[in-house]
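Structural features, examined
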Amino acid sequence: MIPEFHALPLVAILRGIAPDEAVPVGEALLAAGFRLIEVPLNSPAPLDSIARLHAALGTRALVGAGTVMTADAVAEVAAAGGRLIVMPHSDGAVIRAAKAAGMVCTPGVATPTEAFAALAAGADALKLFPAEQSTPAALKAWRAVVPRTVPVLPVGGITPESMAAWHAAGASGFGIGSALYAPGRPLAETKTRAAAFVAAWHKLEPRT
């Protein structure tokens, strides 16, 4: 089990974040309990944000990139200090590049066929994406064949209120985007939203 995932299996997706915002938002998320932080590569100067987060948070969080589409992008994220690769798709070449660089890799999958191909390529966890296209009932069916030891994280449209149904169906955690962070949102509001997600998770999985 990835230590940061064990601590809190919620990935903060900071789509659209600017470098000057990255550290204040990252520190706020860390204080709330988040340990997994993703900066999508279609954000402004994403590698700068990743480098700043890495410098500020160090080993206190697993920081990396989302919307990673190529092996070259994996190398760029690694050079910036990122240790997490999140993909919108399942591409064996990208997964293998991430694992060769010693990074944690979570590719996007939408079918069991894609899920097993990603695992065969070395994926550490699976991003069920887009979750809006699927249902908890579908995930429950997946779990008949996808081992419980494989983390599956629905991503897309997740709210504190929707987590319970997915969790009951077999979700191991979640990727959380605009319901947590959006560009221009006051930091105080992001803190409030972060606390709500953490509380919702701990209601499902009480601290031991």
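As the structure is a computational prediction, the values presented were derived from the model and not from experiment.

Another aspect to go through is the nonpolar core. Formed by 57 residues in total, the largest nonpolar core has its most connected members in L10, F34, I85 and F174. Core analysis: the next-biggest nonpolar cluster, separate from the first, contains twelve residues, I2, I13, V104 and A125 among them.

Here the focus is the pairing of strand β2 (residues 36–40). For β2, a buried count of five out of five residues is recorded, marking the element as mostly surrounded by other parts of the structure. Covered by surrounding structure in β2 are L36, E38 and P40 together with I37 and V39, the residues of both alternating faces. Bridging between strand β1 (residues 10–13) and β2 involves three bridges; their strand directions are parallel. By the bridge assignment for β2, I13 is matched with E38.

Turning our eyes to something else, we now look at the environment of R207. Looking at the element boundaries, R207 is found in the segment after α9 (187–204). Owing to a relative accessible area of 65%, R207 belongs among the exposed residues under this scheme. With 200 residues separating them in the primary sequence, R207 and A7 have C-alpha atoms 9.5 Å apart. In contact with R207, not counting residues within four places along its chain, are V198 and H202. Within the local environment of R207, its side chain forms a polar contact with the side chain of H202, the two groups lying 3.3 Å apart.

Criteria and thresholds
Residues numbered from 1 in each chain as written. Predicted model: local features only at pLDDT ≥ 70, side-chain atom pairs only at ≥ 80, totals over all residues. Heavy atoms only, no water. Core = buried A, V, L, I, M, F, W, Y, C linked by side-chain atoms within 4.5 Å. Buried < 20%, exposed > 50% of the residue type's maximum accessible area, 1.4 Å probe, protein only. Helix = DSSP H or I, 4+ residues; strand = E, 2+ residues; numbered from the N terminus. Pairing = 2+ DSSP bridges. Contact = heavy atoms within 4.5 Å. Polar contact = N/O pair within 3.5 Å; in protein donor to acceptor, adjacent residues only side chain to side chain.

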